[in-house]
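Each chain is listed here by its residues.
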Amino acid sequence: MDPYLVTALLALPILYSVWRNFLTIRTLSRIPTVGGPSIPILDFIGAIRYLMHSDVILWEGYQKYRNGAFKHRDVDGWHVLVSGPKLVEEMCRAPENVLSLIEASKDAVQTEWTLGPSLDRVAYHIPIIRNQFTRALTPLFGDMHDEIVRAFDDNIPKAKDWIKVPMLPTMMEVVCRTSNRLFVGLPLCRDRDYVELNKRFTIDVFVGGQIIRLFPDVLKPTAVRLLTKVHSGIQRGTRHLQPLIEERLRMMKEHGKDWPDKPNDMLQWVMDEAEGEELQVDRLVIRIMTINITAINTSSMTFTNAMFYLAAHPEWLKPLRDEVEEVTKAEGWTKDSVNRFAKIDSFLRESQRYCALGTKSLRRTAMQDYTFSDGTFIPKGTKVAIPMHAIHHDEDIYPHADVFDPWRWSEIRKDDTEATKFQMVSTGPEHVAFGHGRHGCPGRFFVASELKAMLAHLVLNYDIKMEKEGQVPPVRWFGTRLYVSRSAEVMFRKRQT
């Protein structure tokens, strides 16, 4: 590639960011700044610092301006954070045409350029996930559980001696296979290249989005072609999914929307709902690959973090085992029995709280000027969110907030008359791992069932520990996201007692 072109491409995001900053800084001048200076050009110091220390910067802002608002500089401009139940609920209630989740999500992964504009314009897969998929979890639980058992057997042998297992890649494998058993069915969910593609594509889209968002719109099509792997991933996905889609389209043409042995999976539900251009093979491929993105990354990270703490504290295995054995002995393996795993549920919910996967949640973009009830004014185009990691570690909300307490939620649920609000799937202004309000994660009931079944299977069949007793692998922040080491290992062996 021409070195002058490379230099220009690298310089343009900086010039573009400086230009946008001059346009917006005055309108946000009444909101206090954290993380660095607010003087134009010098404010980029705060943006660079935020890349490496977002958790520290947002914690500082939260401590100083709790129940109010503050702003910080990111590489793409100024962001406003609000906190406190009143403002959080207010933000969640704001209409989509005022504070938009869709627009914020488009910005985060640059959907229009990475995955195509129709994905957000015609988001018919969201109600499918929220309604049809959730209802299908009970009849499809047997398939999900069968894939969990097979995936663990294939990836973590039940050896008599201790073996080392790289946790994050292995859990991505298990989650990808389990999810796709319900998305596209057998045998594709076990295809080696298809699984590797979906694991890789998740990363490629998130990384590609972060790169593309640095460029002005006119250069984004060029940037996505030259600097990301998104388009090659979609082509690879098409090679796997096109024969399956074309066969189902043929059956739909011959039989309508019902025929003997019609598949009961996500792909078919999407095809049943799609109309017009959305029934084109390329559109359906992108839709299924996008659903995979939301299913694989956060679930794998949440489960991996939970495993690090369980392996560092193997004494927690027995209470979990006792619960699973008691419930499954009486009821077998069903969705209803998994819902009765109070300690399993508590363990995973605590992993979500303690190891929040981002410093922010509830991202919104202001579609018009907006004034919060406390008088905080944000102009059109402002990016707004809440400081999730800081809220999850607030001692005033969570006693001993900096301690991983596996039974925190199961103990609360024993005494609280509204125990259901402390389940893993429950959301609130102070626990926002799944978002909150009408835009709460539509797939959270599937995620909870999947991860609880995975953890229950694991504790029944394996002993686990860390190689260095009691030591949890370090994590790092880059920008807003938490990154877990892909090489960090956990020790496994076949259960001995």
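Starting afresh in each chain, residues are numbered from 1 along the sequence in its written order. Thresholds applied to this predicted model are a pLDDT of at least 70 for local features of residues and 80 or more for the giving and counting of side-chain atom pairs; totals over whole chains, interfaces and linings are not thresholded and use all residues. Just so you know, side-chain values use all the structure's heavy atoms and leave hydrogens and water out.

How we decide: UniProt positions are given in the numbering used here, feature names are shortened, and annotations may be inferred rather than shown by experiment.
The name recorded for the protein chain in an unreviewed UniProt entry is Cytochrome P450, from Rhodofomes roseus. Turning to the protein chain, the UniProt record has this under Cofactor (unreviewed entry): "heme".

Concerning the state of the cysteines
Inclusion rule: The rule for a disulfide is simple: a pair of cysteine sulfur atoms within 2.5 Å.
Using the criterion set out here, one finds zero disulfides in the structure. With no disulfide of its own, Cys92 has Cys441 as its nearest cysteine by sulfur position, at a separation of 14 Å.

Description of the packing of helix 11 (residues 230-255) against helix 12 (residues 266-273)
The packing of two helices is summarised by the inter-axis angle and the distance between the axes. Put simply, the rule reads: Here the axes come from fitting lines to C-alpha atoms, over the contacting stretch only for helices, and the angles between their N-to-C directions go from 0 to 180 degrees. The helix count covers DSSP runs of H or I at least four residues long, the strand count covers runs of E at least two residues long, and both are numbered beginning at the N terminus. With respect to orientation, any angle under 35 degrees is reported as roughly parallel, any angle over 145 as roughly antiparallel, any angle of 65 to 115 as roughly perpendicular, and every other angle as oblique. Helix crossings fall into two classes, left-handed where the near helix is turned counterclockwise from the far one by less than a right angle and right-handed where it is turned clockwise. Whether two residues are in contact is decided by their heavy atoms: any pair within 4.5 Å suffices.
Look at helix 11 against helix 12: their axes get within 11 Å of each other, and the N-to-C directions meet at 50°. Comparing the axis directions of helix 11 and helix 12 gives the class oblique. The handedness of the crossing between helix 11 and helix 12 is right-handed. In this structure, helix 11 uses Leu244, Ile245, Arg248, Leu249 and Met252 to contact helix 12, whose residues at the interface are Leu267, Gln268, Met271 and Asp272.

Let's talk about the packing of aromatic side chains
Put simply, the rule reads: Aromatic pairs are defined between Phe, Tyr and Trp rings, using the six-membered ring for Trp, whenever the two ring centres lie within 6.5 Å; interplanar angles under 30 degrees are classed as stacked, those over 60 as edge-to-face, and all others as tilted. Buried means the residue's accessible area, taken with a 1.4 Å probe over protein chains only, is under 20% of the maximum for its type, while exposed means over 50%, and partly exposed covers the values in between.
Inspection of every chain in the model, using the stated rule, returns 19 aromatic pairs. Relative to Tyr462, the ring of Phe152 has its centre 6.2 Å away and its plane inclined at 45°; by these criteria the two rings are tilted. One end of the pair, Phe152, is in helix 7 (residues 125-155); the other, Tyr462, is in strand 9 (residues 462-465), and 310 residues separate them in sequence. By relative accessible area, Phe152 is classed as buried at 0%. For Tyr462, a relative accessible area of 0% gives the class buried. Their ring planes at 75° and their centres at 5.8 Å tell us that Trp316 and Phe347 sit as a pair that is edge-to-face. Placement of the pair is Trp316 in the loop between helix 13 (281-312) and helix 14 (317-331) and Phe347 in helix 16 (residues 342-354), with a sequence separation of 31 residues. Here a set of aromatic residues connected by ring pairs shows up, and it is made of Tyr309, Trp316, Phe347, Tyr354, Phe404 and Trp407.

Some remarks on the side chain of Ser361
Relative to the assigned elements, Ser361 resides in strand 5 (residues 361-366). Excluding residues that lie within four positions of it along the chain, Ser361 makes contacts with Ala385, Ile386, Met388, Val432 and Gly435.

Points about helix 7
Short version of the rule: A helix is expected to reach a length of 1.5 Å times the quantity of its residues less one. Take the seven residues that end at a residue and the seven that start at it, fit an axis to each, and the angle between those axes is the bend at that residue.
The first and last C-alpha atoms of helix 7 sit only 31 Å apart over 31 residues, clearly below the 45 Å expected at 1.5 Å per residue. A bend of about 70° at Pro139 is the largest found in helix 7.

Regarding the packing of helix 7 against helix 12
In plain terms, the rule: When residues are grouped by polarity, Ala, Val, Leu, Ile, Met, Phe, Trp, Tyr, Cys and Pro land in nonpolar, Asp, Glu, Lys and Arg in charged, and all others, Gly among them, in polar.
One way to put it is that helix 7 packs onto helix 12 with a least axis distance of 11 Å and a crossing angle of 140°. On the basis of their axis angle, the class for helix 7 and helix 12 is oblique. Of the two elements, helix 7 crosses helix 12, and the hand of that crossing is right-handed. Contact residues: Ile128, Ile129, Gln132, Phe133, Ala136 and Leu140 in helix 7; Met266, Trp269, Val270 and Glu273 in helix 12. For the contact of helix 7 with helix 12, a count of residues per class yields eight nonpolar, one polar and one charged.

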